[in-house]
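Residue-level structure breakdown
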Amino acid sequence: MSYHVDQNGYYGRFGGAFIPEMMYPNVDELRNRYLEIIESEEFRKEYTDLLRDYVGRPSPLYFSNRLSQQYGAQIYLKREDLNHTGSHKINNTVGQILLAKRLGKHRIIAETGAGQHGVATATVCSREGLQCIVYMGALDVSRQAPNVEKMKMLGAEVRPVYSGNQTLKDATNEAIRDWINHPEDTHYIIGSVVGPHPYPDMVARFQAIISQEMRQQLKEKTGFELPNAVIACVGGGSNAAGAFYHFLDDKAVKLIAVEAAGKGIDTGESAATTALGKTGVLHGSKSLLMQTEDGQIIEPYSISAGLDYPGIGPMHANLYETGRAQFMSVTDEETLEAAYNLTEKEGIIPALESAHALAALEKLKFTSGEVVVVNISGRGDKDMETYLKHFHAKQ
Ligand SMILES: *Cc1c(COP(=O)(O)O)cnc(C)c1O
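Since the model is a prediction, treat every value here as computed from it, not as a measurement.

**Notes on the site of the ligand**
Neighbouring the ligand are 18 residues; Lys89, Ser192, Gly235, Ser238 and Ser377 lie closest to it. Between the ligand and serine 238, the relevant distance is 2.7 Å, taken from an oxygen atom to a side-chain nitrogen or oxygen of the residue. Separating an oxygen atom of the ligand from a backbone N or O atom of asparagine 239 is a distance of 2.8 Å. Starting from 380 Å² of accessible surface for the ligand in isolation, the protein chains cover 96%.

**Examining the sheet that holds strand S6 (residues 131-137)**
Ordered in space as S7-S6-S5-S8, the four strands form an open sheet in which the pairing is parallel. Looking at strand neighbours, the two that pair on one side only are strand S7 (157-161) and strand S8 (186-189), the edges of this open sheet. Ignoring which end each strand starts from, the neighbouring axes of this sheet average 25° apart. Relative to S7, S6 runs parallel, the two being bridged by five bridges. Within the sheet, the bridge partner assigned to glycine 137 lies in S7 and is valine 161. Contacts from helix H4 (residues 89-102) reach strand S5 (107-112) and S8, with the element oriented near 165° to S8.

**Comments concerning the environment of leucine 319**
You can see leucine 319 is positioned in helix H13 (residues 314-322). Owing to a relative accessible area of 0%, leucine 319 belongs among the buried residues under this scheme. Those residues in contact with leucine 319, other than ones at most four positions away along the chain, are Tyr3, Phe244, Leu248, Arg324, Ala325 and Phe327.

**A short note on the UniProt feature "modified residue: N6-(pyridoxal phosphate)lysine" (unreviewed entry) in the protein**
With numbering aligned to this structure, UniProt lists the feature "modified residue: N6-(pyridoxal phosphate)lysine" (unreviewed entry) at Lys89. If you trace the backbone, lysine 89 turns up in helix H4. Setting aside its immediate chain neighbours within four residues, lysine 89 contacts Gln116, His117, Ala120, Gly191 and Gln207.

**Quick word on the packing of aromatic side chains**
A complete count under the given rule lists nine aromatic pairs for this structure. Both rings, one in tyrosine 47 and one in phenylalanine 206, keep their centres 5.4 Å apart while their planes meet at 55°; by these two values the pair is tilted. Placement of the pair is tyrosine 47 in helix H2 (residues 41-55) and phenylalanine 206 in helix H9 (residues 199-207), with a sequence separation of 159 residues. Note on accessibility: tyrosine 47 and phenylalanine 206 belong to one class, buried.

**Observations concerning the domain arrangement of the protein**
Split into domains, the protein comes out as domain 1 (11-50 + 89-203) and domain 2 (56-87 + 207-394). If you average the C-alpha positions of domain 1 and of domain 2, the two centres end up 23 Å apart. Taken together, the contact between domain 1 and domain 2 spans 35 residues of the former and 36 residues of the latter. Between domain 1 and domain 2, the buried area comes to about 2900 Å², and carbon and sulfur atoms account for 58% of it.

**Let's talk about the pattern of salt bridges**
Per the stated rule, a full pass over the model turns up 32 salt bridges. In this structure, the salt-bridge partner of glutamate 334 is lysine 363, at a minimum N-O distance of 3.2 Å. Placement of the pair is glutamate 334 in helix H14 (residues 332-346) and lysine 363 in the loop between helix H15 (352-359) and strand S15 (371-376), with a sequence separation of 29 residues. We classify lysine 363 as partly exposed; its relative accessible area is 42%. Via salt bridges that share partners, Glu42, Glu46, Lys101, Arg102, Arg127 and Glu128 belong to a single interconnected network.

**Some words on the state of the cysteines**
Think of a disulfide as a covalent bridge from one cysteine sulfur atom to another cysteine sulfur atom. Following the criterion strictly, the structure yields zero disulfides and no others. With no disulfide of its own, cysteine 132 lies closest to cysteine 125 among cysteine sulfurs, the gap being 3.8 Å.

**Concerning H14**
Between its terminal C-alpha atoms H14 stretches 21 Å, which fits the 21 Å expected from 15 residues at 1.5 Å a residue. Phi turns positive one or two residues past the end of H14, at glycine 347, with a value near 65°.

**What to know about a nonpolar patch on the surface**
On the surface, Ile349, Met384 and Leu388 cluster together into a nonpolar patch covering about 220 Å² of accessible area. With respect to the element layout, isoleucine 349 can be found in the loop between H14 and H15.

**What about the packing of helix H1 (residues 24-38) against H9?**
Close contact between H1 and H9 brings their axes to 11 Å; oriented N to C, the two are set at 15°. Judged by the inter-axis angle, H1 sits roughly parallel to H9. In this structure, the crossing between H1 and H9 has a hand that is left-handed. Contact residues: H1 offers Leu30, Tyr34, Leu35 and Ile38, while H9 offers Tyr199, Asp201, Met202, Arg205 and Phe206. For the contact of H1 with H9, the per-class residue count stands at seven nonpolar, no polar and two charged.

**Overview of the side chain of threonine 273**
Inspection of the secondary structure assignment puts threonine 273 in helix H12 (residues 273-276). Threonine 273 sits in the buried class, given a relative accessible area of 1%. Among all residues touching threonine 273, those that are not within four sequence positions of it are Glu259, Leu288, Leu289, Met290, Tyr309, Pro310, Gly311 and Ile312.

Rules of the game
Residues numbered from 1 in each chain as written. Predicted model: local features only at pLDDT ≥ 70, side-chain atom pairs only at ≥ 80, totals over all residues. Heavy atoms only, no water. Near = heavy atom within 4 Å. Polar contact = N/O pair within 3.5 Å; in protein donor to acceptor, adjacent residues only side chain to side chain. Areas by Shrake-Rupley, 256 points an atom, 1.4 Å probe, with all protein chains shown as cover. Pairing = 2+ DSSP bridges. Helix = DSSP H or I, 4+ residues; strand = E, 2+ residues; numbered from the N terminus. Axes fitted to C-alpha atoms, helices over the stretch in contact; angles between N-to-C directions. Contact = heavy atoms within 4.5 Å. Buried < 20%, exposed > 50% of the residue type's maximum accessible area, 1.4 Å probe, protein only. UniProt positions renumbered as here; feature names shortened; annotations may be inferred. Phe/Tyr/Trp six-rings, centres within 6.5 Å; stacked < 30°, edge-to-face > 60°. Domains from an automatic or database assignment. Buried area = accessible area lost by both parts, 1.4 Å probe. Salt bridge = Lys/Arg side-chain N within 4 Å of Asp/Glu carboxyl O. Disulfide = S-S within 2.5 Å. Expected span 1.5 Å × (residues − 1). Patch = residues over 30% accessible without salt bridge, like charges linked within 9 Å, V, L, I, M, F, W, Y side chains within 5 Å. Parallel < 35°, antiparallel > 145°, perpendicular 65-115°, else oblique. Left-handed = near helix turned anticlockwise from the far one by under 90°. Nonpolar A, V, L, I, M, F, W, Y, C, P; charged D, E, K, R; others polar.

Structure below.
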């Protein structure tokens, strides 16, 4: 069985390209050209050079002595938090901007929720001198002021979206509308392994550098390329896709995906898509979605803005359904505990999203020889307000 995308853009029964006819030209162009471009030697070189000199890759694989003692396994942390702009998102935007250039596009659009993907997009647009427009729900604009200011300083135009709940889903709809109206000169940089084919595959390939490096680094540190388990959080699923990618066909490696249970799966305030979702179509692909009986999207909730998306990418829906990956969820409370724990034990303040992956360690059983890699998708600077609020409440 293959866990990769097939010729028609499907992962098992998930994926595809469910798009309005007016979007065909854009998506077709991308589908016809992305592989030829990103597999060319000239592209690989520019991409790899930028990842090294601009992003700061390879990101370290750090052995955590104290988490290892605490959990009774050999625990390594993949330090995506040390990347330029503070998370794994830059791996994807660097790749897509180089692709956009080769497609002759000089206008870039993106959607953003918490603002991390917007900042990563504005960053690479600044470097290339390309026009950048970021759609953001009006509610998110007011909640994420520092990232809005960063995008503006980087030269991007932030367009608030007032429709719907004024959050990520609505921003994505608006970006799609823009793309339809500007088919010739515009590339749409989607921020996760979601959207119509070829986006899920393309973004997964750009994030696959994470597991490519893990294999090399594990070999150097342990003498063996394969860990026993890889753990990553899942919003749309791009950091998990990158962390799993080069292990998908190595069945001995347990792949563990952690979703946001929010206040609890049964509270109605959650973003645990596999626990609560049903098959449906959102933003151009068929996947698992949180929706009502009659197909209305249920608003997700999580303490971490990067995980409150009502769906997951089609690759993950298939990993879930085939049982290749184990899906679990952790609550806001468990996440905060895990974040404080890493900060206290290792002096690393993780992003709230990444703290979900750490919280899974509490619920899993390992033996002392087992090698476990936790993907630290981003740093916690952006979450200080939330951390301080809860820290003071605890004291
Ligand atoms: C955006 C974000 C996520 C969630 O997105 P995925 O596509 O699921 O990776 C996770 N961690 C961090 C730090 C983020 O910024």
